[in-house]
Amino acid sequence: MAIVVTFDLENTPAAQELYDTTIDRVTEGRGFASPADLPVPGLLAHIAGPVGDRWRVTDVWESPESFETFAKILGPLLADLGHGDLEPDVSAPHNLVLR
């Protein structure tokens, strides 16, 4: 069962910087243009950017387990960057259509 994982932050330059730094560290500087660029499998879709007054990161993972595996990498990294208190909203989609 796929899940949707969303992180929301106040839309500030610091939020984009946190996103960029996190991606750089997760991918060890290789960049992020494909789900295969992550160190774990299971990401189906990713989108990040400003939405009104929020900076939003939304992922679709193929299963809760695949996200939990990624969270074991992401959690300590966010804590190291001073944002260990960030909690995502995790939900099951009613409908999911992928190319």
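Residues numbered from 1 in each chain as written. Predicted model: local features only at pLDDT ≥ 70, side-chain atom pairs only at ≥ 80, totals over all residues. Heavy atoms only, no water.

J.: Honestly, the environment of H46 in this entry has me stumped. Any pointers?
T.: Examined against the element boundaries, H46 turns out to sit in strand β2 (residues 43–51). Residue classification places H46 among the partly exposed residues on the basis of a relative accessible area of 27%. In contact with H46, other than residues within four places in its own chain, are Y19, F32, V57, T58 and D59. Within the structure, H46 has its side chain in polar contact with the side chain of Y19 (distance 2.7 Å). Polar contacts involving the side chain of H46 include one to the side chain of D59, which spans 2.4 Å. (Helix = DSSP H or I, 4+ residues; strand = E, 2+ residues; numbered from the N terminus. Buried < 20%, exposed > 50% of the residue type's maximum accessible area, 1.4 Å probe, protein only. Contact = heavy atoms within 4.5 Å. Polar contact = N/O pair within 3.5 Å; in protein donor to acceptor, adjacent residues only side chain to side chain.)

J.: Explanation requested: the side chain of D59 in the structure shown.
T.: Mapped onto the elements, D59 comes out in strand β3 (residues 54–61). For D59, which is buried and forms no salt bridge, the nearest opposite charge comes from R56, at a distance of 11 Å. A distance of 3.5 Å separates the side chain of D59 from the side chain of W61, its partner in a polar contact. (Lys, Arg positive; Asp, Glu negative; His and termini not counted. Salt bridge = Lys/Arg side-chain N within 4 Å of Asp/Glu carboxyl O.)

J.: How should the sheet that holds strand β4 (residues 89–91) be read in this particular structure?
T.: Strand pairing in a sheet relies on backbone hydrogen bonds. The paired strands run either parallel or antiparallel. Judged by pairing direction, the sheet is antiparallel, and its four strands sit side by side in the order β2-β3-β1-β4 without closing on themselves. The open sheet has two edge strands, β2 and β4, and neither has a second partner. For this sheet, the mean inter-axis angle between neighbouring strands, taken without regard to orientation, is 15°. Note that strand β1 (residues 3–10) and β3 share eight bridges and pair antiparallel. Considered in β3, the bridge of I3 is made with W61. (Pairing = 2+ DSSP bridges. Axes fitted to C-alpha atoms, helices over the stretch in contact; angles between N-to-C directions.)

J.: When you look at the packing of aromatic side chains in this model, what are you seeing that I'm missing?
T.: The description of an aromatic ring pair rests on the distance of the ring centres and on the angle between the ring planes. Scanning the entire structure with this criterion turns up three aromatic pairs. Centroid distance Y19 to W55: 6.0 Å. Interplanar angle 55°. Geometry classified as tilted. Remark: W55 occurs in strand β3 and Y19 occurs in helix α1 (residues 13–26); sequence separation between them is 36 residues. The residues Y19 and W55 share a single accessibility class, namely buried. Ring centres of W61 and F67 lie 6.0 Å apart, and the angle between their planes is 55°; on these two criteria the pair is classed as tilted. (Phe/Tyr/Trp six-rings, centres within 6.5 Å; stacked < 30°, edge-to-face > 60°.)

J.: Would you mind showing me how to read the side chain of T6 here?
T.: As for its placement among the helices and strands, T6 is situated in strand β1. T6 gets classed as buried once you look at its relative accessible area, which sits at 16%. For T6, the contacting residues outside a window of four places in its chain are R56, V57, T58, P88 and D89.

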